[in-house]
Each structure stands twice: as C-alpha cells, then as structure tokens.
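# Residue-level structure breakdown
Residues per chain, in single letters:
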Amino acid sequence: MRLLLLILLSIAPILHAGEYKLPYGYPLETCLSCGDPLGGAPTILIHGGRQLKFCSLACVGSFTKSPETMISNLEEQIRISQRDKYQLKTCVISGHELGSMGEPVEWVHGNTLVKFCCGACIEKFEADPDKFLLMINSDSSDLPAHFVPRKQ
Ligand SMILES: [Zn+2]
Ligand SMILES: [Zn+2]
C-alpha cells in the first residue's frame, strides 16, 4: 500500500498538468471513486481524452483498478445531465431529424453527449470529432475560447 502511494505521489504533477477545456463543465460534484464531495481542490486525471475528478490520490488508485465500471457510471451521469440541453434537432453527421430513423443514438465523446440518427454515424463522427463538436456547441453561451459561433 505504501509503495502504491509513493508511486501515485510521484506522478501527481502530471495529473495536474496542462489546461483541459471542455464544452460542458464536469458533470459530477462528487468523487468518481468514493462518492464523497469533491471539495475545492480535486485531483484531476486525464484518462482516454476525458477529464476525471477525484477527492484524493488514493481514489485515483482505486479508479485504476476498475476504470471501466467508473467510466460507465460517469457516462450515464453525462447522458442524464446533458440529454435535455442538447442543442441540435438533427443528426450532426447526416442532417436527418433525430428520431426520424428510430430512437436517436446517444454517444459520449470525452465528457460531451452527442446524438445521432443511427449507429452508422458514430464512425464518421469519430473521424473528425472536433469539427462536429464545434457544430454541436456553436450557440452555447458558455463556450471555451476555441469554440467559435457557426453563423458570422
Ligand atoms: Zn474519493
Ligand atoms: Zn445516421
């Protein structure tokens, strides 16, 4: 246990490195690992292109033991918190109205929810996600600097 803590402490500066911009704020106010409130200075981990927050380094350690379960919990929270705020009525890939080809397909990229007309559109989205995320968030008021409005 002590060895694990030492390893985690030695990588701590990496966990905090760099500024990571999100089109939406982080969806949870609790630690992804233990469920306790995050408080003012959470430990941030960038994992697979997404930002994750933990109350302590020990909880980062727990996460690394079963990341899949915790990621799927996070994705469910993202779906719940962003579903009703989603700004497009059409599929960002095909332009078809969402729901016109059956239930829209929900996809979580990074910490952002995206809706497609069908599962076949996911692959096209993932080929150039930044371009499509720009379209999805173009009218939002709390955009990070690199997201510019579509209409100008
Ligand atoms: Zn925790
Ligand atoms: Zn489609």
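Residues numbered from 1 in each chain as written. Chains lettered and ligands numbered in written order. Predicted model: local features only at pLDDT ≥ 70, side-chain atom pairs only at ≥ 80, totals over all residues.

### Some thoughts on the overall build of the chain
- Of the regular secondary structure elements, the chain holds five helices and four strands.
- Taken from N to C terminus, the helices and strands of the chain fall in the order α-β-β-α-α-β-β-α-α.
- Counting every position in the chain, which comprises 152 residues, the buried fraction comes to 18%.
- Taking contacts inside the chain between residues at least 6 apart in sequence as the whole, the part at least 24 apart equals 50%. (Helix = DSSP H or I, 4+ residues; strand = E, 2+ residues; numbered from the N terminus. Buried ≥ 20, exposed ≤ 12 C-beta atoms within 10 Å, placed from the backbone. Contact = placed C-beta atoms within 7 Å.)

### Details of the environment of cysteine 31
- Among the structural elements, cysteine 31 can be located in the loop between helix H1 (2-16) and strand E1 (43-47).
- The sequence separation of cysteine 31 and threonine 43 amounts to 12 residues, and the corresponding C-alpha distance is 9.3 Å.
- The contacts of cysteine 31, once residues within four sequence positions are left out, are Asp36, Leu38, Phe54, Cys55 and Cys59.

### Details of the nonpolar core
- Membership of the largest hydrophobic core comes to 20 residues, with the highest contact counts inside it found for Leu32, Phe54, Cys59 and Phe63.
- Of all the secondary structure elements, the ones that give two or more residues to this core are strand E2 (50-54), helix H2 (57-65), helix H3 (67-82) and strand E4 (112-116).
- When residues of this core are sorted by domain, at least three fall in each of domain 1 (2-76) and domain 2 (86-136).
- Other than its neighbours up to four places away in sequence, cysteine 59 contacts Cys31, Ser33, Cys34 and Phe54. (Core = buried A, V, L, I, M, F, W, Y, C linked by C-beta atoms within 7 Å. Domains from an automatic or database assignment.)

### So, the confidence of the model for the chain
- Averaged over all residues, the pLDDT of the chain equals 79, while 74% of them reach at least 70.
- Within the model, the stretch residues 7-21 combines pLDDT values under 50 with 13 contacts to residues more than four positions away or in other chains.
- The model gives residues 141-152 a pLDDT under 50, and that stretch makes 12 contacts with residues more than four places away or in other chains. (pLDDT = per-residue confidence, 0-100.)

### Considering H2
- Along H2, the positions that sit buried rather than exposed are Cys59, Val60 and Phe63. Angular distribution of buried residues about the axis of H2 spans 105 degrees; they occupy a single face of the element. (Arc of directions from axis to C-beta.)

### Here we look at the pairing of E4
- A large share of E4 lies buried, amounting to four of its five residues.
- Pairing of strand E3 (residues 105-109) with E4 involves five bridges; the strand directions are antiparallel. What sits directly across from valine 108, in E4, is leucine 113.
- In textbook terms, the turn of a hairpin is the stretch between consecutive antiparallel strands, and for E3 and E4 this stretch comprises two residues, one of which, glycine 110, has a positive phi near 60 degrees. (Pairing = 2+ DSSP bridges.)

### Focus on the pairing of E1
- One ladder, built from five bridges, connects E1 with E2; its direction is antiparallel. Counted as the bridge partner of histidine 47 is arginine 50 from E2.

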